[in-house]
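These are the residues of each chain, in order.
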Amino acid sequence: MTALLSISHLSKYYDGIKAVDDLSFDLQPGEIVGLLGQNGAGKTTTLRCVCGILRPDGGRITADEFDLYTNESGAKRLMAFVPETPNPYDLLTVREHMKFIAMCYNTLEVFENSIEDLLERFELKEKENELCVSLSKGMKQKLMIACAFVHRARIFLFDEPMVGLDPKSQFTLKTELHRLRSEGAALLISTHQLDTAEKLCDRVVIMQQGKKLAEGSVGELRQQAAMRDNSLEEVFLRLTEDQT
Amino acid sequence: MNALLFLYTRRFINSFRRAFNNPGRTVGTLAIVALILGVYGGPLLMPSQQPPAGKLLRVLPPLEIAASILTLMVFGFLALSFEVALNYTRAFTESDVSNLFPTPLPRKLVFQFSLFTKGLLGSIGGALIIGYFLVRSTRALLLMIPGGVPLGSGILGAVAFMLLFIIANAAILQLGVVCGLSVLSRKVPKGVLWTIIAAVFLLFVGIPFWHFSEYSMPGGSFFGTLLEQLHRPPGSWFFLPFRAVADCALVALQGWSIAIPIGVGAWASLFVLCQMSLHRFSPWMYEYAIHLAQGNTKRREMLKQHSYYIGAGSKRREKRSSVVSTWRWMERWTPAGASALFWRNLILIRRFGGLLVVKVYVGVTVLMGLGIEALRIFKPNAPLSELLAFGGVIQFFLIFAFVPSNIAWLSQTLKRFEIQKPLPITAIRTVFAELLTPILVVAISNLFGLAVLTILFPRQWSVLALGYLTAGSGYMLMSCLLFIVLLFNPDQDDTLQRMLFGIFQMLVFVIAFIPSAVVITAGLLLHVSPMIMGIVALLTNCACMYPLIVLAAKKYETFNPLE
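The rules behind the values
Residues numbered from 1 in each chain as written. Chains lettered and ligands numbered in written order. Predicted model: local features only at pLDDT ≥ 70, side-chain atom pairs only at ≥ 80, totals over all residues. Helix = DSSP H or I, 4+ residues; strand = E, 2+ residues; numbered from the N terminus. Rg over C-alpha atoms; globule rule 2.2 N^0.38 Å. Buried ≥ 20, exposed ≤ 12 C-beta atoms within 10 Å, placed from the backbone. Pairing = 2+ DSSP bridges. Axes fitted to C-alpha atoms, helices over the stretch in contact; angles between N-to-C directions. Contact = placed C-beta atoms within 7 Å. Expected span 1.5 Å × (residues − 1). Arc of directions from axis to C-beta. Domains from an automatic or database assignment. Nonpolar A, V, L, I, M, F, W, Y, C, P; charged D, E, K, R; others polar. Right-handed = clockwise from strand over helix to strand, strands pointing away. pLDDT = per-residue confidence, 0-100. Parallel < 35°, antiparallel > 145°, perpendicular 65-115°, else oblique. Left-handed = near helix turned anticlockwise from the far one by under 90°. Core = buried A, V, L, I, M, F, W, Y, C linked by C-beta atoms within 7 Å.

Tell me about the overall build of chain A, and name the residues and values.
Across its full length, chain A carries nine helices and ten strands. The C-alpha atoms of chain A give 18 Å as radius of gyration, which agrees with the globular expectation for 244 residues (18 Å, within 12%). By principal-axis analysis of the C-alpha atoms, chain A measures approximately 55 × 40 × 40 Å. Relative to its full complement of 244 residues, chain A shows a buried share of 47%.

Below, the structure written as structure tokens:
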């Protein structure tokens, strides 16, 4: 099967320090991959490179047949990125913010057809005409997630998507993620919630100090850590401690 | 492009709507709009008339117009260059990084649209304000000059000036961005860039200083001497592009000069060259924008949270392997009640960087004093009173350097109210304790500054004391007024709110120094000694402060920090 997202030999330096070091992995259609690692492991930098915000110092990123550097616009059209910190535009209303994102992707038709449903699903209906500045952190996070659905993305990049969400919204998001997977989308999720990752992800990439430390399904990682029925949390701790 | 236009239009409209979303804000906004329309709009829209007989019309003579524009341009050049070199431009936000940069919109379009709309907003505002005064001054001058050039030429000159002013600012802004991008992309080492900036800064300061020391005549006009350098090398060629902007403003009065086409060519060439460089650096644009956006967020945090400042300070100390410390006498002193608030504020202000401000203030005072002394050695005939007056003006404006940190402090004070309101301390004592700390910083700086200058110029001690007592006590009053403005308008989340606060600030600056001005005017009429005037000004300002503290305390009682 052809990979929907391919990251090959990705490197990124900050002031001479390697934030991401020769990282390679693929995402297949209909797959959820968890990106795990301790603070400062390079997860956010990786996601920011993949969605085209940061310019890598080395390596190649392709989304379907589009190379991110030779056909940036084509590659970005396939992706949706939800950042760790929800930063919607303070002076746009919820509806305006979603419309703006749709305009950027030139998918106003999709927006018009799906806006009411999205507002309902993410419990934003009551707030649709309120300025983002007046939203709580959780509501802002819901808005950022809803924005990922206003265009026809096939690759979804989530940076800590569960943080700040109430239990009901977490459940809604998980349902959405499963739906996307069943529709053939590829999802890359960076998270510290290892129990969620264990239940949600088909595969996991563990990063440490910018490098890929391990990759595989939870079962494969257990084998690698020489553990049997242990949780992903214990496997993660074993693998990362072995290296430090 | 449509998406970007939608974004900016909606934000502007929503910002305006927000200014009317509660009665307090509505009254404030309407008052400011009425003030602006009344002061600026009325005279401009009224038909040209001869000034009424016996009424003196205040107009700026061409020399002062040219000098003001030149100063502004040079200051703008330095400020914009430093602003970008220090990653200070407000063109990008974290919201752009999260929402705009991952979209498929062309990178160059997004970058340049944000850079020019937000980065040039100040320049356009500046150009409009100068243009306004220019039209008024030129019209008045033309009315007084018999057989002068038609009014149309004056307007043409003002429009030409505004266009060139904006092009020049756009070129400067881009130059700064190209510098930033060249460092980020590792084409130019940071050290080299800073050396170039320092060299340019030295030239900008050094050439006028050298000219002044070489050609100033006793009794000669300060502005005249400074402007004379435009006719002598090296100033004549070094400042030529800036002179072009000033000449453009004076077209109606002195016709088109040769400097104008040269200046237009120079600024346009710089603009085009920078555009070409920007194209080369396009892969690094977003990364550079992230640097700028993060810088802005940090600065906003600094304004909002002392904890950020303290945290950043702790990290720096951690790097230097030292611990967070405080003064020993502070550790021994354990006050109660409102004094405890003052005790905590002293610790916070020390970690907030308050002492750095004192050091900078005293450092600038020493340098200025030594500069004046040096000038007197080279030019023994240079009039000391004029030099000291010039120094006094610098010192007076230096006081305003305290204002941003004071506003940051007072804004943070409002946030602390959540912790303080349950404490068994009266409102008036709380307000007093909060205001006392930043005032103390200025008072200490003032004392040091006064001591330094009195040592250097002992004969002028009484005039210096008058200046320092007036400026220092006026600042106290200003702090009080600023605090009241913040209590009534604490929210500055958007540009329009900040703009309104800025206008209120301007009013505060004027009102705060009215009591001192009245005292000095009365003192001059009654031939009172400068020292007495200074003491009376201090006492008057203190007396004016009391009702303001009472008013602030009343507002504090009903203030809800969570709203």
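Account for the sheet that holds strand β8 (residues 186-190) of chain A, naming residues and giving values.
Residues and elements named next belong to chain A. The sheet built from six strands is open, its strands ordered β6-β7-β8-β3-β9-β10 with mixed pairing. The strands lining the two open edges of the sheet, one partner per strand, are β6 (79-82) and β10 (211-216). The average angle at which neighbouring strand axes cross in this sheet is 15 degrees, direction not considered. Sheet analysis places strand β7 (residues 155-159) next to β8, joined by five bridges and oriented parallel. When the sheet's bridge partners are listed, L157 is paired in β8 with L188. Lying on the sheet, helix α1 (residues 43-50) is in contact with β3 (31-37), β6, β7, β8 and β9 (203-208); it crosses β7 at an angle near 150 degrees.

Account for helix α1 (residues 2-18) of chain B, naming residues and giving values.
End to end, α1 of chain B covers 24 Å across 17 residues, agreeing with the expected 24 Å (1.5 Å per residue, within 8%). Listed as buried for α1 of chain B are A3, L7, R11, N14 and R18 of chain B. Looking straight down α1 of chain B, one finds that the buried residues subtend no more than 75 degrees of arc, so they occupy a single side. In α1 of chain B, the exposed positions angled more than 90 degrees off the buried face are occupied by N2, L5, T9 and I13 of chain B. Where α1 of chain B is buried, its residues meet α3 (94-104) of chain A.

A description of helix α24 (residues 514-525) of chain B should follow, citing residues and the corresponding values.
Note on helix geometry: an α-helix contains 3.6 residues per turn, so any two residues three or four positions apart are oriented the same way. Residue and element names in this part refer to chain B. A rise of 1.5 Å per residue sets the reference length of α24, with its twelve residues, at 16 Å; its end C-alpha atoms lie 16 Å apart and thus fit the reference within 8%. Residues of α24 that are buried include every one of P515, S516 and V519, and no others. Seen end-on, α24 carries its buried residues on one side only, within an arc spanning 100 degrees. Exposed side chains of α24 directed beyond 90 degrees from the buried face belong to I514, V518, T521, L524 and L525. On its buried face, α24 is in contact with α22 (461-488) and α25 (530-558). Downstream of α24 by one or two residues, H527 has phi in the positive range, about 55 degrees.

Could you give an account of the domain arrangement of chain A, naming the residues involved and the relevant values?
All names here are of chain A. Annotation of chain A at the domain level lists domain 1 (1-78 + 154-217) and domain 2 (87-151). A separation of 23 Å is found between the C-alpha centroids of domain 1 and domain 2. With nine residues of domain 1 in contact, the opposing surface of domain 2 contributes ten residues. Counting residues per element, the side of domain 1 that touches domain 2 draws most heavily on helix α6 (residues 167-182), which supplies three residues. Split by residue class, the side of domain 1 that touches domain 2 holds four nonpolar, three polar and two charged.

Which residues make up the interface of chain A and chain B, and what are the values?
Across the contact, 26 residues belong to chain A and 27 residues belong to chain B. Elements with a minimum of two residues in the side of chain A that touches chain B: α2 (72-77), β6 and α3 of chain A. Tallying contributions element by element places α3 of chain A first for the side of chain A that touches chain B, with five residues.

Let's hear about the pairing of β8 of chain A: which residues, and what values?
Residue and element names in this part refer to chain A. Of all five residues in β8, five are buried; the element is thus mostly enclosed. Of the two faces of β8, the one holding A186, L188 and S190 and the one holding L187 and I189 are both buried throughout. Handedness of the crossover is the feature at issue here: the chain leaves β7, passes through α6, returns alongside β8, and the resulting connection is right-handed.

Account for the confidence of the model for chain B, naming residues and giving values.
Residue and element names in this part refer to chain B. A residue-level look at chain B finds 71% of positions with pLDDT of 70 or above and a mean pLDDT of 76. Overall, residues 47-59 carries pLDDT values under 50, and its contacts beyond four positions in sequence, including any with other chains, amount to nine contacts. Here the prediction assigns the complex a pTM of 0.70, and the interface score ipTM is 0.87.

Tell me about the packing of α3 of chain A against α1 of chain B, residues and numbers included.
Pairs of packed helices are described in terms of their axes, by the angle between the two and the distance that separates them. Remark: α3 of chain A packs on α1 of chain B, axes separated minimally by 8 Å, with the N-to-C direction vectors making an angle of 160 degrees. The orientation of α3 of chain A relative to α1 of chain B falls into the category roughly antiparallel. For α3 of chain A against α1 of chain B, the interelement crossing comes out left-handed. For the pair α3 of chain A and α1 of chain B, contact is made by E96, F100, M103 and C104 of chain A and by N2, A3, F6, L7 and R10 of chain B, respectively. Among the residues making up the contact of α3 of chain A with α1 of chain B, the classes are represented as six nonpolar, one polar and two charged.

Give a description of the sheet that holds strand β1 (residues 5-14) of chain A that names residues and reports values.
The four strands are arranged β2-β1-β4-β5 (chain A) in an open sheet whose pairing can be described as antiparallel. Only two strands of the sheet have a single partner each, and these edge strands are β2 (17-27) and β5 (66-67) of chain A.

Which residues make up the nonpolar core, and what values do they have?
Counting residues in hydrophobic clusters, the biggest one holds 128 residues, and the most contacted among them are M79, I155, F156, L157 and L187 of chain A. A per-element tally of this core places helix α7 (residues 151-184) of chain B first, with 15 residues. Setting aside chain neighbours within four positions, we find I155 of chain A in contact with L4, L5, L27, A63, L78, M79, A185 and A186 of chain A. Listed in part, the 46 residues of the second largest apolar core include A408, L410, V442 and C480 of chain B.

Can you lay out the packing of α3 of chain A against helix α4 (residues 108-121) of chain A for me, pointing to particular residues and giving the numbers?
Residue and element names in this part refer to chain A. Axis separation between α3 and α4 bottoms out at 8 Å; the angle between their running directions is 150 degrees. On the basis of their axis angle, the class for α3 and α4 is roughly antiparallel. Taken together, the residues of α4 that come into contact with α3 (itself represented by M98, K99, A102 and M103) are L108, V110, F111 and I115.

Run through the pairing of β6 of chain A, naming residues and quoting values.
Residue and element names in this part refer to chain A. Residues M79 and F81 of β6 are buried on one face, and the alternating residues A80 and V82, pointing to the opposite face, are buried as well. Bridge analysis of β6 against β7 gives four bridges, and the strand direction is parallel. In the strand pairing of β7, M79 is matched with I155.

Could you give me a rundown of unusual backbone geometry, with the residues and numbers involved?
All names here are of chain A. Of note, N106 is a non-glycine position whose phi angle comes to about 55 degrees, a positive value. Following the sequence through the fold, N106 ends up in the loop between α3 and α4. Among the residues examined, N106 registers 15 C-beta atoms within 10 Å and is labelled partly exposed. The residue E123 is not glycine, and still its phi comes out positive at about 55 degrees. For E123, the location among the structural elements is in the loop between α4 and α5 (137-147).

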